[in-house]
Amino acid sequence: MEQLEFFEVPSPCIGVCQVNNRGYCKGCFRSRDERFNWLQFSSGQKREVIRLCQDRKRRVLAAARKKQLELELVQQDTPPQDSLL
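To keep things clear, this report deals only with the structure shown in the data block.

Cut-offs applied
- Residues numbered from 1 in each chain as written.
- Predicted model: local features only at pLDDT ≥ 70, side-chain atom pairs only at ≥ 80, totals over all residues.
- Heavy atoms only, no water.
- Helix = DSSP H or I, 4+ residues; strand = E, 2+ residues; numbered from the N terminus.
- Contact = heavy atoms within 4.5 Å.
- Core = buried A, V, L, I, M, F, W, Y, C linked by side-chain atoms within 4.5 Å.
- Buried < 20%, exposed > 50% of the residue type's maximum accessible area, 1.4 Å probe, protein only.
- Expected span 1.5 Å × (residues − 1).
- 1 Å grid on protein atoms, 1.4 Å probe; cavity = no way out; pocket = protein on both sides within 12 Å on 5 of 7 lines; lining within 4 Å.
- Points joined across faces, edges and corners; volume = space filled by probe spheres on them.
- Nonpolar A, V, L, I, M, F, W, Y, C, P; charged D, E, K, R; others polar.
- Phe/Tyr/Trp six-rings, centres within 6.5 Å; stacked < 30°, edge-to-face > 60°.
- Lys NZ or Arg CZ within 6 Å of the ring centre and 35° of its normal.
- Salt bridge = Lys/Arg side-chain N within 4 Å of Asp/Glu carboxyl O.

## Digging into the side chain of S31
Part 1 of the argument: Positionally, S31 belongs in the segment before α1 (32–36).
Part 2 of the argument: Sequence-distant contacts of S31, that is, excluding residues within four places in its chain, are made with G23, Y24 and R56.

Written as structure tokens, this is what we have:
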């Protein structure tokens, strides 16, 4: 039995409307279809899109943290440059 919906599911849009290299919005992490069809989606579909967006955001942030840690490790292994002055 589906739960009754009393409140509309709000859009996850945060006003950062730019697309990343995979086609997802950099602000809310929705795909093009998810953004354009938001108003036609049922509440259940909207909740699923929000869940997918949260997963995408977690993956993007984890990849950024990994890249930052790798960069820091490389910088630690690089000997300091002697000044020529």
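Now that the structure has been shown, the text picks up again.
## Some points on the nonpolar core
Part 1 of the argument: By size, the foremost hydrophobic cluster in this structure holds 5 residues: V9, F29, W38, V49 and C53.
Part 2 of the argument: Once you skip the residues sitting within four places of it in the chain, W38 turns out to touch V9, P10, S11, P12, R30, K46, V49 and I50.

## Brief notes about helix α2 (residues 43–77)
Part 1 of the argument: Between the first and last C-alpha of α2 there are 51 Å, a value that for 35 residues agrees with the 51 Å anticipated at 1.5 Å per step.
Part 2 of the argument: Turning to α2, its buried residues number three or more, namely S43, K46, V49, C53 and R56.
Part 3 of the argument: Considering only its buried residues, α2 is in contact with α1.

## Examining the layout of surface pockets
Part 1 of the argument: Taken as a whole, the largest pocket holds about 240 Å³ of empty space.
Part 2 of the argument: In terms of lining residues, the largest pocket is bounded by N20, N21, R22, Y24, K26, F29, R56, R59 and V60.
Part 3 of the argument: Each residue belonging to the lining of the largest pocket can be placed in one class, and the counts come to 3 nonpolar, 2 polar and 4 charged.

## Observations regarding the packing of aromatic side chains
Part 1 of the argument: On inspection of all chains with the given rule, the structure shows 0 aromatic pairs.
Part 2 of the argument: One cation-aromatic arrangement involves R30 over W38; the distance from NZ or CZ to the ring centre is 5.2 Å.
Part 3 of the argument: Here the guanidinium or amino end of R35 rests over the ring plane of F36, the centre of that ring lying 5.9 Å away.

## Comments concerning the pattern of salt bridges
Pairing between side chains becomes possible if they bear opposite charge and their charged atoms approach one another.
Part 1 of the argument: Scanning all chains against the criterion turns up 5 salt bridges.
Part 2 of the argument: For the salt bridge of E48 with R51, the shortest nitrogen-to-oxygen distance reads 2.6 Å. With E48 and R51 both in helix α2 and 3 residues apart, the pair spans about one turn of that helix.
Part 3 of the argument: Given a relative accessible area of 35%, E48 falls into the partly exposed group.
Part 4 of the argument: Close ionic contact of D55 with R51 constitutes a salt bridge, the shortest N to O distance being 2.9 Å. You can see D55 and its partner R51 sitting in helix α2, 4 residues apart, about one turn around the helix.
Part 5 of the argument: Each of E48, R51, D55 and R58 takes part in salt bridges that share partners, so that together they form one network.

No statement about biological role is implied by the geometric values presented.
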